[in-house]
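So you can see what is in the structure, the chains are spelled out below.
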Amino acid sequence: MKYMESRDDAGELKRASLARVASWARSVIVCAINYNTAHPYSTQTGDAGQGWISRYAWSGEDYHEAVLLRLRKVETNLHEQLDPTGNRQLATGNSLQTRSYVDTGPLLERVYAKYAGTGWIGKNTCLINQQLGSWLFLGVILTSLELTPDLPAPDRCGRCTRCLDACPTQAFVAPGELDARRCISYLTIEKRGEIPEELRPAMGRHVFGCDICQDVCPWNRKAPVTAAPEFQPRDRLVNPALEWLAEMQPEEFRATFRGSPVRRTKLSGLRRNAVIAMANSGNPKFLPTLRRLTDDPDSVVSQHARWALDRLERAGS
Ligand code: B12
Ligand code: SF4
Ligand code: SF4
């Protein structure tokens, strides 16, 4: 996530202002794409013997590419429909400029989404659309067009605090304010090496990302599902077997997660997360696997396996 820290020549954070990223941009077109599929929520299926990969990472396609492809189609349409010498008044000369981003630039996508009327930023910090819920990927198209903005969507969280109450690691320091260092999504996807011991028990069976603060959100109760083939889940990724993940070898990791967001945590991270989930399961069937993994050549895996073995043995005694 280093790009979020990038600064301009004057030392100012680029993400704090659009002018620092693209001085020619006059409007931001925000796109929200539903990735929800017809499978139960993590809070509805409770087998601690199986892991949980976040809903957004079940498909075989990297969402950055899938969403960018769609944004580029919109860009092409814009360019085709607006005659460069035509009757639209462009702010920068007479040629239309556009640039698409999906997570890939120093832009706070949810903030633009909020002001574009796509939805409101919930107390769980996710962008929620009244009709679609929050199972949405966001993408933005910067454009030199002067467009009339939509009205921001009203905040519909009201007095609800379900997400704040449900977060297992108490990652919310206030409504709408997240301490990312405590978030399971950060710990399982972005954090390399050792996971702080005090946070491991609260990670439950999460091996990649976390959906809890969205699963409990009333606006996701009737969230529509998508038929888009690129977002349909791959076999074995919904409630994956923990032994399979913990003992996975590089070749299988590459083949299984080719093009998938799961690659981001790398094999070592995924195996580490599976080992922690084994400890949290309380299930003695994992003892032999954990014993084997205490000698694993990957020191991150072996170190977490020793902790997990100790925890599981104590749970059984
Ligand atoms: C870093 C990051 C993370 C981090 C930190 C998350 C966080 N809440 O900040 C981690 C790894 C934890 C994470 C987790 C997840 N993420 Co994430 N993440 C991002 C990323 C790359 C940047 C977000 C960021 O800068 N956060 C830093 C903080 C400081 O920003 P912030 O929370 O938005 O809060 C500030 C602003 O709102 C600002 N603000 C408020 N109003 C205004 C107004 C103005 C004018 C300005 C300038 C600022 C401003 O003030 C706040 C405090 O500083 C974005 C993509 C992007 N480029 O935007 C995806 C993104 C937010 N993530 C996404 C997703 C899907 C997830 C997960 C659901 C994945 C999962 N299942 O595990 C979880 C959800 C966890 C949660 N409750 O948020 C989606 C969200 C879709 C949605 N419906 O909201 C995004 C938009 C990616 C995408 N392109 O679709 N993520
Ligand atoms: S994603 Fe999980 S750990 Fe992160 S804030 Fe939401 S409930 Fe908490
Ligand atoms: S669970 Fe409640 S408070 Fe949290 S985002 Fe959803 S509506 Fe808002």
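Scroll up to find the structure.
Residues numbered from 1 in each chain as written. Chains lettered and ligands numbered in written order. Predicted model: local features only at pLDDT ≥ 70, side-chain atom pairs only at ≥ 80, totals over all residues. Heavy atoms only, no water.

Engineer: I'd like to hear about the packing of helix α9 (residues 266-281) against helix α11 (residues 299-316), residue by residue, with values.
Structural biologist: When two helices pack together, their arrangement is captured by the angle between the axes and the distance separating the axes. Two numbers describe how α9 lies on α11: the axes approach to 8 Å, and their chain directions differ by 5 degrees. With respect to each other, α9 and α11 are oriented roughly parallel. Contact with α9, carried on its side by S268, R271, R272, V275, I276, M278, A279 and N280, involves V300, V301, H304, A305, W307, A308, R311 and L312 of α11 and no other residues of that element. (Axes fitted to C-alpha atoms, helices over the stretch in contact; angles between N-to-C directions. Helix = DSSP H or I, 4+ residues; strand = E, 2+ residues; numbered from the N terminus. Parallel < 35°, antiparallel > 145°, perpendicular 65-115°, else oblique. Contact = heavy atoms within 4.5 Å.)

Engineer: Go over the pairing of strand β6 (residues 136-143) with me, naming the residues and quoting the values.
Structural biologist: Along a regular strand, successive side chains alternate from one face of the sheet to the other. The buried fraction of β6 amounts to 8 of the 8 residues, a majority that puts the element mostly inside the structure. Along β6, one buried face is formed by L136, L138, V140 and L142 and the opposite face, lined by F137, G139, I141 and T143, is buried too. Pairing analysis gives 8 bridges linking strand β1 (residues 27-34) to β6, with the strands arranged antiparallel. The residue of β6 that forms the bridge with V30 is V140. (Buried < 20%, exposed > 50% of the residue type's maximum accessible area, 1.4 Å probe, protein only. Pairing = 2+ DSSP bridges.)

Engineer: I'd like a rundown of the sheet that holds β1, residues and numbers included.
Structural biologist: Spatially, the 3 strands line up as an open sheet ordered β1-β6-β3, and their pairing is antiparallel. Each edge of the open sheet is held by one strand with a lone partner, namely β1 and β3 (98-101). Each strand of the sheet is rotated relative to its neighbour by a mean of 20 degrees, with strand direction disregarded. In this fold helix α2 (residues 63-81) packs onto β1, β3 and β6, with an angle of close to 160 degrees to the strand it touches most, β3.

Engineer: Report on the packing of aromatic side chains, specifying residues and quantitative values.
Structural biologist: Scanning the model with the defined rule gives 11 aromatic pairs in all. Between the aromatic rings of Y56 and F137, the centroid separation amounts to 6.3 Å while the plane-to-plane angle is 85 degrees, which identifies the pairing as edge-to-face. Residue Y56 is located in the loop between β2 (52-53) and α2, and its partner F137 is located in strand β6; the two are separated by 81 residues in the primary sequence. For Y56, a relative accessible area of 19% translates into the label buried. (Phe/Tyr/Trp six-rings, centres within 6.5 Å; stacked < 30°, edge-to-face > 60°.)

Engineer: Tell me about the site of ligand 3, and name the residues and values.
Structural biologist: With respect to spatial proximity, the complete set of residues near ligand 3 consists of G122, K123, N124, I128, C157, C160, R162, C163, C217, P218 and W219. For the shell around ligand 3, the residue count by class is 7 nonpolar, 2 polar and 2 charged. (Near = heavy atom within 4 Å. Nonpolar A, V, L, I, M, F, W, Y, C, P; charged D, E, K, R; others polar.)

Engineer: Go over the pattern of salt bridges with me, naming the residues and quoting the values.
Structural biologist: In this structure the tally under the stated criterion is 11 salt bridges. The salt bridge partner of E190 is R264, with a shortest N-O separation of 2.9 Å. Placement of E190 in helix α5 (residues 184-190) and of R264 in the loop between α8 (250-256) and α9 is noted, with a sequence separation of 74 residues between them. Residue class for R264 comes out partly exposed when judged on its relative accessible area of 40%. (Salt bridge = Lys/Arg side-chain N within 4 Å of Asp/Glu carboxyl O.)

Engineer: For the side chain of S144, give the residues involved together with the corresponding values.
Structural biologist: Tracing the backbone shows S144 in the loop between β6 and α4 (162-166). Here Q97 takes part through its backbone nitrogen, which lies 2.8 Å from a polar atom of the side chain of S144. (Polar contact = N/O pair within 3.5 Å; in protein donor to acceptor, adjacent residues only side chain to side chain.)

Engineer: Give a detailed account of the site of ligand 1, specifying residues and quantitative values.
Structural biologist: Contacts to ligand 1 come from 31 residues, most closely from D103, E109, T125, L127 and S185. At 3.1 Å from a nitrogen atom of ligand 1 is found a side-chain nitrogen or oxygen belonging to D211. Of all elements in the fold, only α3 (109-115), β6, α5 and α6 (212-215) reach the threshold of two or more residues within the shell around ligand 1. The dominant element in the shell around ligand 1, judged by the number of residues it contributes, is α3, at 5 residues.

Engineer: Give me the lowdown on unusual backbone geometry, citing residues and values where you can.
Structural biologist: Phi is positive for T125, close to 70 degrees, though the residue is something other than glycine. Along the polypeptide, T125 turns up in the loop between β4 (120-121) and β5 (127-128). Located in the positive-phi region is Q170, a residue other than glycine, with phi close to 50 degrees. Inspection of the secondary structure assignment puts Q170 in the loop between α4 and β7 (172-174). The exposed category is assigned to Q170, whose relative accessible area is 57%.

Engineer: How would you summarise α11 if you had to cite specific residues and measurements?
Structural biologist: Look at α11: 26 Å from first C-alpha to last across 18 residues, which is about the 26 Å you get at 1.5 Å a residue. Listed as buried for α11 are V300, V301, S302, H304, A305, W307, A308, L309 and L312. In this fold, the buried residues of α11 make contact with α9 and α10 (287-293). (Expected span 1.5 Å × (residues − 1).)

These figures come from the coordinates and say nothing about function on their own.
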